[in-house]
Amino acid sequence: MRNSGSRLFVTTVAIFTICNTAPLNAGGMCAVPQGYSSSSYMQDSDGDGSSDIAEMRAGTDHTEADGNNDNDRDVLKNSEEIAQRLDPNHADTDRDGVSDGYEVSNGMNPLKHDSNEDLDGDGISNRDEYVQNTKANNQDTDGDGIPDGEDSTPAGQMEDPWLIAVWGLILG
């Protein structure tokens, strides 16, 4: 490797590793951020598992061990979001109305505007599943044998007449 001004020239073997986490300059080369040398380029100054350059790109503090924090409160750690190239400071990276955490836990793509799709084919859009607190990757969220799209209480409210009767006795 050799450093020439703000350009970092690397071998073909190493270029994917470095350029995968770095911005490119106007010439299409990996740009070494001001104040960094090629030897400190992939450094993790705060030891939180994310390289300094990845944190700088994501807008998190590369001098503070904040990898286990959840800046945007979407249930994904900052380090998880940085690794997946998500925005750790915005709960909905693709701005489709569904949080990144929900998308990841339901097998959706948090970088694709897929809220109007119906991942599980139950007749409810992914965004509506999110709003209703049902699972976009499970046709029958509450496991009662009725697909969410046909279920009057898809998130699992009591439908069993026996349970309703028992609760009626308890609550008087």
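Scoring rules and cut-offs
- Residues numbered from 1 in each chain as written.
- Predicted model: local features only at pLDDT ≥ 70, side-chain atom pairs only at ≥ 80, totals over all residues.
- Heavy atoms only, no water.
- Helix = DSSP H or I, 4+ residues; strand = E, 2+ residues; numbered from the N terminus.
- Areas by Shrake-Rupley, 256 points an atom, 1.4 Å probe, with all protein chains shown as cover.
- Phe/Tyr/Trp six-rings, centres within 6.5 Å; stacked < 30°, edge-to-face > 60°.
- Buried < 20%, exposed > 50% of the residue type's maximum accessible area, 1.4 Å probe, protein only.
- Salt bridge = Lys/Arg side-chain N within 4 Å of Asp/Glu carboxyl O.
- Lys, Arg positive; Asp, Glu negative; His and termini not counted.
- Contact = heavy atoms within 4.5 Å.
- Polar contact = N/O pair within 3.5 Å; in protein donor to acceptor, adjacent residues only side chain to side chain.

Chemist: Got a minute to help me understand the overall build of the protein in this structure?
Modeler: Secondary structure assignment for the protein yields six helices and three strands. Listed N to C, the secondary structure of the protein is β-β-α-β-α-α-α-α-α in terms of helices and strands. For the protein, the computed accessible surface area is about 9,900 Å², with 51% contributed by carbon and sulfur atoms.

Chemist: I keep staring at the packing of aromatic side chains and nothing clicks. Help me out?
Modeler: For any pair of aromatic rings, geometry is given as the distance between the ring centres together with the angle between the planes. Taken as a whole, this structure holds one aromatic pair when the rule is applied. Aromatic pair Y102 and Y130: ring centres 5.0 Å apart, planes at 65°, arrangement edge-to-face. With Y102 in helix α4 (residues 100-105) and Y130 in helix α5 (residues 126-132), the pair connects residues that are 28 residues apart, well separated along the chain. Residue Y130 is classed as partly exposed on the basis of its relative accessible area of 30%.

Chemist: For this particular structure, what's the right way to read the pattern of salt bridges?
Modeler: Here the structure, examined in full by the defined rule, presents one salt bridge. Its salt-bridge partner being K112, residue E117 comes within 3.1 Å of it at the nearest N-O pair.

Chemist: Sorry, what's going on with the side chain of E81 here?
Modeler: Looking at the element boundaries, E81 is found in helix α3 (residues 78-83). We note that E81 is buried and unpaired, the nearest opposite charge coming from R95 at a distance of 9.0 Å. Not counting residues within four places of it along the chain, the set of residues in contact with E81 comprises D70, D72, D74, L76, L86, D87, P88, H90, T93 and D100.

Chemist: Explanation requested: the environment of S79 in the structure shown.
Modeler: Relative to the assigned elements, S79 resides in helix α3. Taking the C-alpha atoms as reference points, S79 and G67, twelve residues apart in sequence, are found 4.5 Å from one another. Discounting residues that sit within four places of it in the chain, S79 has contacts with D48, S50 and G67.

Chemist: Teacher, can you tell me more about the side chain of T141 here?
Modeler: As for its position among the elements, T141 is in the loop between α5 and α6 (161-171). Take T141: its relative accessible area is 18%, and that puts it in the buried class. Only 2.6 Å separates the side chain of T141 from the side chain of D148, close enough to count as a polar contact. The residues contacting T141, other than those within four sequence positions of it, are E129, T134, K135, D148 and P154.

Read these as spatial facts, not as claims about activity.
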